[in-house]
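Overview (structure and organization)
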Amino acid sequence: MMIGLHLDDNMFTSTIPVELMSMRSLVVLSLGNNELSGPIPPEISELHDLVELKLSGNVLEGSVPEEVCALGLKQLQVDSNAQCSCCSQNK
């Protein structure tokens, strides 16, 4: 069982892979400071144990999906990416 996936600062390009959502036991998903683009996938909401989502320093577009906001994350970092009023207190 993997509880934390830290892939910061790897210069990854492309979109956030939805295949990551098969890691159901993740508590921390950290993908900061890469070159990830496109929208934040709503499938992240399938990670029901997630408490920290770190996506700062990418080139993501759009807003944080409502499904992700509804997770009640303790920490959500999307600096320089998406804007979402429903999650703004967690930035």
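Quantities reported herein were computed from a predicted structural model and do not represent experimental measurements.

Helix and strand content of the protein chain: 1 helix and 7 strands. Looking at the protein chain residue by residue over its 91 residues, the buried ones come to 41%. Put simply, 34% of the contacts in the protein chain that link residues at least 6 apart link residues at least 24 apart. When the accessible surface of the protein chain is summed, it comes to about 4900 Å², and 52% of that surface belongs to carbon and sulfur atoms.

With that settled, consider the sheet that holds strand 4 (residues 35-39). Strand pairing in a sheet relies on backbone hydrogen bonds, with the paired strands running either antiparallel or parallel. Spatially, 2-4-6 is the arrangement adopted by the 3 strands of the open sheet, whose pairing is parallel. Each having just a single partner strand, strand 2 (13-14) and strand 6 (59-61) make up the two edges of the open sheet.

Time to look at the pattern of salt bridges. This structure, assessed with the given rule, holds 2 salt bridges. Measuring nitrogen to oxygen at the nearest pair gives 3.3 Å for the salt bridge that ties Arg24 to Glu46. Of the two residues, Arg24 is situated in the loop between strand 2 and strand 3 (28-30) and Glu46 in the loop between strand 4 and strand 5 (52-54); the sequence distance between them amounts to 22 residues. The exposure class assigned to Glu46 is partly exposed, which follows from its relative accessible area of 30%. The partner of Glu52 in a salt bridge is Lys54, with the nearest N and O atoms 3.3 Å apart.

Confidence along the protein chain averages 89 in pLDDT terms, with 89% of residues attaining 70 or more. Across the protein chain, element-level confidence peaks in strand 3 with a mean pLDDT of 98 and bottoms out in strand 6 with 91.

Rules used throughout
Residues numbered from 1 in each chain as written. Predicted model: local features only at pLDDT ≥ 70, side-chain atom pairs only at ≥ 80, totals over all residues. Heavy atoms only, no water. Helix = DSSP H or I, 4+ residues; strand = E, 2+ residues; numbered from the N terminus. Buried < 20%, exposed > 50% of the residue type's maximum accessible area, 1.4 Å probe, protein only. Contact = heavy atoms within 4.5 Å. Areas by Shrake-Rupley, 256 points an atom, 1.4 Å probe, with all protein chains shown as cover. Pairing = 2+ DSSP bridges. Salt bridge = Lys/Arg side-chain N within 4 Å of Asp/Glu carboxyl O. pLDDT = per-residue confidence, 0-100.

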